[in-house]
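# A look at the structure
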Amino acid sequence: RADEARRRNRRFWLLLLLPLLVAGVVRGIVGSTDDVPTNDASAYLRSGYSILDGEGFRREGSPELHFPPVAPVILAATANLTDDPLTGLVVATAVFGTALLVPLALLGRRIGGDRAGLMVAWIGALTPALAVLVVNAGGGSENPYLFFVSFALLATLNATDAPTRPRRALFA
């Protein structure tokens, strides 16, 4: 019985790789057509640069707390790594948009089994709202936040299932 469960789990993860690969390719192709950051994305970047430069949360030279700092820091750090703000935005959005499929697939699996989880992954990989609009018209914050919220929901559900010490720590 334990061997069967391990085999099913391994099969699920192997089958999940294909929609993740397709999602990454779709988001990469869509992102390569983007040539101008949106107004929101520019604002997130400026805020993130300010935080990374040690100036605190500033925008247009004045202190501000308009956005939660996670997405601006992620976007600015990625822009710094790629040496180009637009490339950084596209990379961060594509990576988090692809990674988002993992907690979504696990939530689908939890609700409806392996097939449901894989269907959720495929829908997320190919649905324009997650694959196209967020990459080309989003502010850059959508995918990181969706990823972290989905992961937090999954962690909370897992912690309530079997409240072991590590799970409770993750939940806290």
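Residue positions within a chain follow its written sequence, with the count starting from 1. Reporting of local features is limited, given that this is a predicted model, to residues whose pLDDT is at least 70; pairs of side-chain atoms are given and counted only at 80 or more, and all residues count toward the totals for whole chains, interfaces and linings. Excluding hydrogens and water, the side-chain values take into account all heavy atoms of the structure.

## Looking at the pattern of salt bridges
- We define a salt bridge as a side-chain nitrogen of Lys or Arg found within 4 Å of a carboxyl oxygen belonging to Asp or Glu. This model, assessed by the stated rule, comprises five salt bridges.
- In this structure, the salt-bridge partner of aspartate 3 is arginine 6, at a minimum N-O distance of 2.5 Å. Residue aspartate 3 and its partner arginine 6 are both found in helix H1 (residues 2-32); the two are separated by three residues, about one turn of the helix. In terms of burial, aspartate 3 and arginine 6 fall into one category: exposed.
- Put simply, aspartate 114 and arginine 109 hold a salt bridge, and the shortest N to O gap is 2.7 Å. Here a strand is any run of E in DSSP of at least two residues, a helix any run of H or I of at least four, and the numbering for each starts at the N terminus. Here the term buried applies to any residue with accessible area under 20% of the maximum for its type, exposed to any over 50%, and partly exposed to those in between, with areas from a 1.4 Å probe on protein chains only.

## With respect to the packing of H1 against helix H6 (residues 114-126)
- Direction vectors running N to C along H1 and H6 enclose 10°, while the axes themselves pass 8 Å from each other. With respect to their mutual orientation, H1 and H6 come out roughly parallel. Contact residues: H1 offers Arg8, Phe12, Leu15, Leu16, Leu18, Pro19, Val22, Ala23, Val26 and Arg27, while H6 offers Asp114, Gly117, Leu118, Ala121, Trp122, Gly124, Ala125 and Leu126.
- Only Asp, Glu, Lys and Arg are considered charged in this grouping, and only Ala, Val, Leu, Ile, Met, Phe, Trp, Tyr, Cys and Pro are considered nonpolar; every other residue, Gly among them, is considered polar. Tallied by class, residues from the contact of H1 with H6 come to 13 nonpolar, two polar and three charged. As a rule, the C-alpha atoms of each element are fitted with a line to give its axis, helices using only the stretch in contact, and angles between N-to-C directions run from 0 to 180 degrees. Angle categories are assigned with fixed cut-offs, so that under 35 degrees is roughly parallel, over 145 is roughly antiparallel, 65 to 115 is roughly perpendicular, and the rest are oblique. Working rule for contacts: check all heavy atoms of both residues, and any pair within 4.5 Å makes them a contact.

## A word on the packing of aromatic side chains
- Whether two aromatic rings pair depends on their centres lying within 6.5 Å, for rings of Phe, Tyr and Trp, where Trp uses its six-membered ring; planes under 30 degrees apart make the pair stacked, over 60 edge-to-face, and the rest tilted. Per the stated rule, a full pass over the model turns up five aromatic pairs.
- Between phenylalanine 96 and phenylalanine 148 the ring centres are 5.7 Å apart and the planes differ by 55°, which places this aromatic pair in the tilted class. Residue phenylalanine 96 is found in helix H4 (residues 85-99), and its partner phenylalanine 148 is found in helix H8 (residues 142-161); the two are separated by 52 residues along the sequence.
- According to the relative accessible area criterion, phenylalanine 96 is buried, its value standing at 16%.
- Classification of phenylalanine 148 by relative accessible area gives partly exposed; the value is 37%.
- Note on phenylalanine 147 and phenylalanine 151: the rings are 6.4 Å apart at their centroids and 20° apart in plane angle, and the pair reads as stacked. Separated by four residues within a single helix, phenylalanine 147 and phenylalanine 151 lie in helix H8, roughly one turn from each other.
- The buried category is assigned to phenylalanine 147, whose relative accessible area is 18%.
- Residue phenylalanine 151 is classed as partly exposed on the basis of its relative accessible area, which comes to 40%.
- Connected via pairs of aromatic rings, a cluster forms that spans Phe96, Phe147, Phe148 and Phe151.
- A positively charged side chain is recorded as over a ring if its NZ (Lys) or CZ (Arg) lies within 6 Å of the ring centre. The angle to the ring normal must also be within 35 degrees. For the cation-ring pair, arginine 109 lies above phenylalanine 12, with the distance from its terminal atom to the ring centre recorded as 4.0 Å.

## Quick word on the side chain of asparagine 143
- Mapping asparagine 143 onto the fold places it in helix H8.
- Counted as a polar contact is a pair of N or O atoms within 3.5 Å, where, for protein atoms, one must be capable of donating a hydrogen and the other of accepting one, and residues adjacent in sequence contribute only when both atoms are in side chains. Among the polar contacts made by the side chain of asparagine 143, one reaches the main-chain carbonyl oxygen of threonine 93 at a distance of 2.9 Å.

## Things to note about the environment of arginine 58
- Structurally, the position occupied by arginine 58 is in strand S1 (residues 58-59).
- Note on arginine 58: relative accessible area 27%, which makes it partly exposed.
- Residues arginine 58 and serine 47 lie 11 residues apart in sequence; the distance between their C-alpha atoms is 5.8 Å.
- Filtering out sequence-adjacent residues up to four positions away, arginine 58 remains in contact with Arg46, Ser47, Ser50, Pro63 and Glu64.

Any link to function would need more than the numbers given here.
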